[in-house]
Amino acid sequence: QQNIVATKGVTVMEDRPPYLRVRHGLTTNMANILTKIPTVIQIADEVQRQSRQTLEGFIGIKFLPGILSQIEGRLAMMMKALVAAQIISAYQNIKANVASDDPTVAEVQAYYAPVFPLLYILLTFHLRSSL
């Protein structure tokens, strides 16, 4: 019954005195593992927040040829710090380019994997008459 409630996007809590325990929290978007776990959404939000903060110093400066590599370097340093803080587990393919339709825009992309929570432990026992 609690699983059914959780799959509808309701956080299930259990009253276990003296504590209140969050049994399982899910979002309302159950499309895939990257959208249904609240901590993964929090990680995505944090990566975006830190990226904006890291790159905001580039806004308004002269768009010289070396700027794209500087953007890539700063973003790589930020991603390394997120890996060290165990917020993300890995990143790759940071690439900055000039937008094809606007020479005042740098388009930056990167791939990263969040650190997932451990939600279940599947345990299997094999009963044998002898080992």
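Residues numbered from 1 in each chain as written. Predicted model: local features only at pLDDT ≥ 70, side-chain atom pairs only at ≥ 80, totals over all residues. Heavy atoms only, no water.

**Observations regarding the overall build of the protein chain**
Keep this limit in mind: To qualify as a helix, a DSSP run of H or I must reach at least 4 residues; to qualify as a strand, a run of E must reach at least 2; elements of each kind are numbered from the N terminus. Each radius of gyration reported is based on C-alpha atoms, and the globular scaling rule is 2.2 Å times the count of residues to the power 0.38. To sort residues, take the accessible area from a 1.4 Å probe on protein chains only and compare it with the maximum for the residue type: under 20% means buried, over 50% means exposed, and anything in between is partly exposed. Contacts were defined at the residue level, with two residues in contact if any of their heavy atoms lie within 4.5 Å. Accessibility throughout is a Shrake-Rupley quantity obtained with a 1.4 Å probe, and a residue counts as covered only by protein chains that appear here. In this tally, Lys and Arg are treated as positive and Asp and Glu as negative; His is ignored, and so are the chain termini. Where a charge lies is defined by one atom per residue type: Lys uses NZ, Arg uses CZ, Asp uses CG and Glu uses CD.
Helices and strands together make up the secondary structure of the protein chain, namely four helices and four strands. Along the chain direction, N to C, the helices and strands of the protein chain fall in the order α-β-β-α-α-α-β-β. The globule rule puts the C-alpha radius of gyration for 131 residues at 14 Å, and the 22 Å found for the protein chain is more than 25% above it. Out of the 131 residues in the protein chain, the part that is buried amounts to 24%. For the protein chain, the proportion of contacts with a sequence separation of at least 24, taken over those separated by at least 6, is 37%. As displayed, the protein chain has an accessible area near 10,000 Å², and 57% of this comes from carbon and sulfur atoms. Distance between charge centroids for the protein chain: 11 Å, based on 12 positive and 9 negative side chains.

**Things to note about helix α4 (residues 67–84)**
What counts, and what does not: The span expected for a helix works out to 1.5 Å for each residue beyond the first.
When the terminal C-alpha atoms of α4 are compared, their 26 Å separation across 18 residues agrees well with the 26 Å that a helix rising 1.5 Å per residue should span. On the buried face of α4, the contacting elements are α3 (38–55), β3 (88–99) and β4 (102–114). Trailing α4 by a residue or two, Q86 shows a phi angle of about 60°, which is positive.

**Description of α3**
Selection criterion: Each direction from the helix axis to a C-beta atom contributes to the arc, which is the arc of those directions.
A rise of 1.5 Å per residue sets the reference length of α3, with its 18 residues, at 26 Å; its end C-alpha atoms lie 26 Å apart and thus fit the reference within 8%. Taken residue by residue, α3 has V40, I43, A44, V47, Q50, S51 and L55 as its buried positions. Projected onto a plane normal to the axis of α3, the buried residues spread over an arc of 135° and lie on a single side. Pointing more than 90 degrees away from the buried face of α3 are the exposed residues Q42 and R52. Tucked inside the fold, the buried residues of α3 contact α2 (33–36), α4, β3 and β4.

**What about unusual backbone geometry?**
The step from P17 to P18 runs through a cis peptide bond, and the omega angle for that step is 5°. In this model, Q86 sits at a positive phi of 60°, which is unusual for a non-glycine residue. Position of Q86 relative to the elements: it lies in the loop between α4 and β3. Of note in this structure, N93 is not a glycine but carries a positive phi near 55°.

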